[in-house]
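The primary structure of each chain is shown beneath.
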Amino acid sequence: MVLDARIPSGPIEKKWDRARFELKLVSPANKRRFNVIIVGTGLAGASAAATLAELGYNVKTFCFQDSPRRAHSIAAQGGINAAKNYRNDGDSIFRLFYDTVKGGDFRSREANVYRLAQVSVEIIDQCVAQGVPFAREYGGLLDNRSFGGAQVSRTFYARGQTGQQLLLGAYQAMARQVEAGKVQVFPRTEMLDLVVVDGRARGVVVRDLVSGEVSSHAGDAVVLATGGYGNAYYLSTNAKGSNVTAAWRAHRRGACFANPCFTQIHPTCIPVTGHYQSKLTLMSESLRNDGRIWVPKTKGDKRPPNEIPEEERDYYLERRYPSFGNLVPRDVASRNAKAVCDEGRGVGPTGLGVYLDFADAIARLGRETIAERYGNLFEMYEKITGEDPYRVPMRIYPAVHYTMGGLWVDYNLMTTIPGLYAIGECNFSDHGANRLGASALMQGLADGYFILPYTIGDYLAQHLGERVTTDHPAFAQVESEVRERYHKLLNASGKRSVDSFHRELGLLLWDHCGMERSQKSLETALAKIPELRQEYHDNVKVLGSAESLNQSLEKAGRVADFFELAELMCIDALERRESCGAHFRIESQTPEGEAKRDDERYSYVAAWQRKEDGDGWTAHKEPLEFEYVQLTQRSYK
């Protein structure tokens, strides 16, 4: 397989314009003849569905939630980036491009990232026109705040509910097309497999999660907008339902999976409290604008934080990174938090926590201003922990958050299966080895509103009149395989619950392929994961039947996919013998403990293809070339 990224020629600032001109077009009359399937209704999926339907295509959307409004995109709190330069502080499209490439530790395509920065300015206008209630300054202009990895204020926000407000904007645009008859929505429906006919994606097999009915849907193209796979670790900031199944089943049908080891650890999460905790709660990175992060200078100091005097506190990020301070990128902040906790200076009952303190900000700005900026986040923290963050510092610790890996896509967002597209967090594009804060919402909406609607037409225009229906034998074959997988899980006469296996797998991944990885830890994981996977299929107990509502069966299928993905994550991490972004190999670090890249050997995208017999993977490499951003060792000091 040869990976063709299809990057347009010419200067980087002209590539997207050139691509849009050279892409084949579908006339308005012919758009009505095409059916597009979109799986996932978060920011990327809902915006794509609304825009494609507005253009005239017939769209079917599928989500496993009871409403598209419950997509995990609502959980994004802090904001969305755009190079508007409203603060007149030196921002520009090129600076946003530069910060994003640097923040991703030079492991993303320049062309894709520059396009993202270009499109960012249009996203804000689109969302304001939809009525998204962004925060505004006293004079009425849209407000901005800072996020990690940047020295300018380019993040637009709606208090701590930015993802929810943006999703409502995309949802209402999609709902308009539902009313117009151009979009069909199938809630509580899970995609279980991709149907490929003559080498092209032609439909999906889904299961109604209420009735258990398995059915097929045919289309001229399939778009996956199903988010990331952070829940492979069991404990993460993702919604409990978030999973990898749609993308993984597409991978099993031939779509390459890229950079699976690039999983982001978010530094600002409420620490784990107990063994049976089912998920973790994110506290927005925006809190690092005004909150100061510290730990006691003395190992084992267990005094209440307000009793520790200023001179006995270590504001370690401000000390180590004076230029960026508490706003260093997430990977840097996370590793430093782990380091001070490993030294025995962590806080809280478990010692796995650091303080995020707003005392200085409240004294400087007043409680009312802090409440206006972060009030709902403070309320959420108090409800979960029982502690008032206006009076005592928050306790935070890193946790699995976003995944930069995903299905490999070219410049047009098409996977290695013709007719199959992946958008938003579902693909590997744009963020490299580490996502900067407030860039996920930017990418999801850029892909859905402004990129896919152009690029998908180029593919469809070449296949006018080539209709396939669900009567094709390929659909019956895939349906049969789906049912066989379910019956295999149901027929296992084991004694352990699905969750017990998932928890064990997640802890194994966290310990051996989490914030730090080493050759020894990864080899240990690769020895244990196949054994645990075999035990899972032999000893799992799934109650109920496939012909009704059965959440245990839903989870069983998703966890089976996590086992396979976990193995590939560790293989990818073992092969990448460098440290870059969120991928930190202990053997590859500077004397100061920073990530040490190896550009000569690893400046590429690793795209993994599943072998035909299903036993293992073949790696394909897409070389990364940097013409506009000079390769340098990242420094935030």
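Placed above this text is the structure.
Parameters at a glance
Numbers given for residues are sequential positions, taken from 1 along each chain in its written order. With pLDDT at 70 or above as the cut-off, local features in this predicted model cover only qualifying residues; side-chain atom pairs require 80 or more to be listed or tallied, and sums for whole chains, interfaces and linings still use all residues. Excluding hydrogens and water, the side-chain values take into account all heavy atoms of the structure. Runs of H or I in DSSP of at least four residues are treated as helices and runs of E of at least two as strands, each being numbered from the N terminus. Radius of gyration means the value over C-alpha atoms here, while the globule rule gives 2.2 Å times the residue count to the 0.38 power. For every residue, the accessible area (1.4 Å probe, protein chains only) is compared with the maximum for its type, and the residue is labelled buried under 20%, exposed over 50%, or partly exposed between those bounds. Here the Shrake-Rupley method, with its probe set to 1.4 Å, supplies the accessible areas, and only the displayed protein chains count as covering residues. In this tally, Asp and Glu contribute negative charge and Lys and Arg positive charge; neither His nor the terminal groups of the chain are included. For this purpose, a charge sits on NZ of Lys, CZ of Arg, CG of Asp or CD of Glu. Among buried residues, those of type Ala, Val, Leu, Ile, Met, Phe, Trp, Tyr and Cys that are joined through side-chain atoms within 4.5 Å constitute a nonpolar core. By definition, residues are in contact when any of their heavy atoms lie within 4.5 Å. Salt bridge, as used here: a side-chain nitrogen of Lys or Arg that lies within 4 Å of a carboxyl oxygen of Asp or Glu.

### Description of the overall build of the protein
When helices and strands are tallied, the protein shows 17 helices and 19 strands. Here the C-alpha atoms of the protein give a radius of gyration of 24 Å, agreeing with the 26 Å that 2.2 N^0.38 yields for 637 residues. Seen through its C-alpha atoms, the protein measures out along the principal axes to roughly 75 × 60 × 50 Å. Counting every position in the protein, which comprises 637 residues, the buried fraction comes to 62%. When the accessible surface of the protein is totalled, it reaches about 24300 Å², and 48% of it is carbon and sulfur. The distance from the centre of the 79 positive side-chain charges to the centre of the 80 negative ones in the protein is 1 Å.

### Examining the nonpolar core
By size, the foremost hydrophobic cluster in this structure holds 188 residues, and its most contacted members are I80 and Y536. Here the element with the most residues in this core is helix 16 (residues 551-575); it accounts for 13 residues. For Y536, the contacting residues outside a window of four places in its chain are L489, V498, F501, K555, A556, V559, A560 and F563. W294, Y315, V347 and Y355 belong to the second-largest nonpolar core, a separate cluster that totals five residues.

### Things to note about the pattern of salt bridges
In total, this model carries 56 salt bridges according to the counting rule given. Note that R597 is salt-bridged to D105, the shortest N-O span being 2.8 Å. Pair noted here: R597 is in the loop between helix 16 and helix 17 (599-602) and D105 is in the loop between helix 4 (93-103) and helix 5 (110-129), with a separation of 492 residues, a long-range link. Its relative accessible area of 8% is what places R597 among the buried residues. One salt bridge connects E466 with R200, and the closest N-O pair in it is separated by 2.6 Å. Within this pair, whereas E466 is found in the loop between helix 12 (440-460) and helix 13 (473-491), its partner R200 is found in strand 7 (residues 200-208), the two being separated by 266 residues in sequence. Its relative accessible area of 12% is what places R200 among the buried residues. One network of salt bridges, in which partners are shared, links D105, R107, D331, R335, R576, E578, R597, D599 and R634.

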